[in-house]
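For reference, the chains in residue letters:
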Amino acid sequence: MIDISADISGVHFDSCIMNASGPLDTTLEELTDIATSSAGGIVMKSCTVEVREGNPEPRYVDVEWGSINSMGLPNLGYKYYNEITPKLKSYGKPLIASIAGAESQEYKKIVESFNTSNVDILEINLSCPNVVGRPQIGYDFEMSEEIMGVVGDVSDKPWGVKLPPYFDFVHFEEMASILNNSKISFIVSINSIGNALFIDWETEKVLIKPKGGFGGLGGKYIKPTALANVRKFHELLDKSIKIVGVGGVYSGIDAFEFILSGATLLQLGTSFAQEGPQIFERVTRELKAIMEKKGYKSLEDFRGKLKVMN
Ligand code: RRO
């Protein structure tokens, strides 16, 4: 038997493959489709204190190797995501709430609300690139540290942070030092690459409406950056901090490469948006086939064991 289960802070996932917060996870109906699929866990859309309609459409477009989005955090508000937890938990899978805000007190309020829910894990989103006039928190190290301090003081649940991609080793080191001094159990790496731009050369126009066409890049374009982030944080973080890899996972080979780089769980964003809930069964089957061919029985057999050249 090939085992692709994984644990984070005592929460057991029968499969390491699940959805990323973002696509097709805003309503109970969408989340039920994830719950009844082969996904190993259920991740909900990042929620805020108030209900948000998000940015004007068009705000998500599939492109040749991925997607661009500027959704602008549309969600039904944290109370809704508290209320639906009993129904979602009845499917027996770990349930992950994702939380977004403008400042630490908003995060505090939502985290406290989930303490009394039956959500298993909290993902603190520090990296939404699409709210007009609001920079990505994960690029502001002081603010990130402040929010992690507040969440650490109030959360009764295991929690982690969803990070933007970093590109320079100095930034990796600075963030890793903050993370190693926090109470996080995991990081989710990476969010979309912020403020990309696609152009329709025929109409001479941008593809999405918000922010003059700038939006978060997802899908195949971002896999090398995502792998680099997973790998670098695997090198720099205390081994007690697990890594959830996201960014361009479309196949069993992609999943295998993320685990080889050091990931414990995997989340599918654009690929799930494009293929729907059956993707979890396909990627699971492909990953297991690779492991069987290589003689690996569990993820521990190869996690983080990427070879480098001397
Ligand atoms: O809703 C969004 O625009 C959005 C969010 Br919160 C996020 O974290 N990442 C992203 O690409 N889009």
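Our subject in this report is the structure included herewith. (Residues numbered from 1 in each chain as written. Predicted model: local features only at pLDDT ≥ 70, side-chain atom pairs only at ≥ 80, totals over all residues. Heavy atoms only, no water.)

### What to know about the sheet that holds strand 7 (residues 95–99)
Reading across from one edge, 3-16-15-10-9-8-7-4 is the order of the eight strands in this open sheet, with parallel pairing throughout. Only two strands of the sheet have a single neighbouring strand rather than two, namely strand 3 (17–19) and strand 4 (42–43). As paired elements, strand 4 and strand 7 share two bridges and run parallel to each other. Pairing of V43 across the sheet is with I96, part of strand 7. (Pairing = 2+ DSSP bridges. Helix = DSSP H or I, 4+ residues; strand = E, 2+ residues; numbered from the N terminus.)

### A word on empty space enclosed by the protein
A full pass over the atoms with the stated rule returns two cavities of 30 Å³ or more. Volume-wise, the largest cavity comes out at about 90 Å³. In terms of lining, the largest cavity is formed by 13 residues, of which the most central are G101, Y107, C128, R134 and I137. Looking at the lining of the largest cavity, its residues break down into eight nonpolar, four polar and one charged. In this structure, the second largest cavity encloses a volume near 40 Å³. Around the second largest cavity, the lining residues are I8, F13, I96, I121, E123, F186, V188, V244, L265 and Q267. Its residues assigned to classes, the lining of the second largest cavity comprises eight nonpolar, one polar and one charged. (1 Å grid on protein atoms, 1.4 Å probe; cavity = no way out; pocket = protein on both sides within 12 Å on 5 of 7 lines; lining within 4 Å. Points joined across faces, edges and corners; volume = space filled by probe spheres on them. Nonpolar A, V, L, I, M, F, W, Y, C, P; charged D, E, K, R; others polar.)

### Looking at the layout of surface pockets
Here the largest pocket is characterised by a volume of approximately 610 Å³. Lining of the largest pocket is provided by 40 residues; of these, S21, G22, P23, N69 and N191 occupy positions nearest its centre. Going through the elements one at a time, strand 6 (66–69), strand 14 (214–219) and helix 9 (270–275) are the ones with two or more residues in the lining of the largest pocket. Take the lining of the largest pocket: its biggest share by element is four residues, from strand 14. Looking at side-chain class alone, the lining of the largest pocket contains 16 nonpolar, 19 polar and five charged residues.

### Structural notes on the pattern of salt bridges
Applying the stated criterion across every chain, the model contains 10 salt bridges. Residues D254 and K223 are paired through a salt bridge, measuring 2.8 Å at the closest nitrogen-oxygen approach. One end of the pair, D254, is in helix 8 (residues 252–261); the other, K223, is in helix 7 (residues 223–236), and 31 residues separate them in sequence. Accessibility assignment for this pair places D254 and K223 in one class, buried. When the shortest N-O distance is used, the salt bridge between K223 and E257 registers 2.8 Å. One end of the pair, K223, is in helix 7; the other, E257, is in helix 8, with 34 residues separating them in the sequence. (Salt bridge = Lys/Arg side-chain N within 4 Å of Asp/Glu carboxyl O. Buried < 20%, exposed > 50% of the residue type's maximum accessible area, 1.4 Å probe, protein only.)

### Observations regarding the environment of K93
Along the chain, the position of K93 falls in the loop between helix 3 (85–89) and strand 7. Among the residues examined, K93 registers a relative accessible area of 13% and is labelled buried. Residues K93 and D25, spaced 68 residues apart in sequence, show a C-alpha to C-alpha distance of 15 Å. Sequence-distant contacts of K93, defined by excluding residues within four places in its chain, comprise I34, A35, S37, S38, A39, G40, G41, I42 and D120. (Contact = heavy atoms within 4.5 Å.)

### Remarks on a nonpolar patch on the surface
On the surface, L197, I199, V206 and F214 cluster together into a nonpolar patch covering about 340 Å² of accessible area. With respect to the secondary-structure elements, L197 resides in strand 11 (residues 193–197). (Patch = residues over 30% accessible without salt bridge, like charges linked within 9 Å, V, L, I, M, F, W, Y side chains within 5 Å. Areas by Shrake-Rupley, 256 points an atom, 1.4 Å probe, with all protein chains shown as cover.)

### A look at the packing of aromatic side chains
With the rule as written, the count across this model stands at 13 aromatic pairs. Summarising the aromatic geometry, the rings of F256 and Y296 are spaced 6.3 Å apart at their centres and angled 20 degrees between planes, so their arrangement reads as stacked. With F256 in helix 8 and Y296 in the segment after helix 10 (279–294), this residue pair connects regions lying 40 residues apart in the sequence. Judged by relative accessible area, F256 falls into the buried class, the value being 8%. For Y296, a relative accessible area of 27% puts it in the partly exposed group. Ring geometry for F272 versus F280: centroids 5.1 Å apart, planes at 45 degrees, classification tilted. The ring of Y250 carries the charged tip of K220 above its face, separated from the ring centre by 4.5 Å. Its guanidinium or amino end placed over the ring of F169, K232 lies 4.0 Å from that ring's centre, counting from NZ or CZ. (Phe/Tyr/Trp six-rings, centres within 6.5 Å; stacked < 30°, edge-to-face > 60°. Lys NZ or Arg CZ within 6 Å of the ring centre and 35° of its normal.)

### Thoughts on the site of the ligand
Around the ligand, the neighbouring residues are K45, N69, M71, G72, L73, P74, N125, C128, P129, N130, N191 and S192. At a separation of 2.9 Å, an oxygen atom of the ligand approaches a polar side-chain atom of N125. Within the contact set of the ligand, an oxygen atom lies 2.7 Å away from a side-chain nitrogen or oxygen of S192. Protein coverage of the free-state accessible area of the ligand, which is 310 Å², stands at 92%. Given that more than half its atoms are within 2 Å of the pocket grid, the ligand belongs to the largest pocket. Within the shell around the ligand, the residues separate by chemical class into five nonpolar, six polar and one charged. (Near = heavy atom within 4 Å. Polar contact = N/O pair within 3.5 Å; in protein donor to acceptor, adjacent residues only side chain to side chain. Sits in = over half its atoms within 2 Å of the grid points.)

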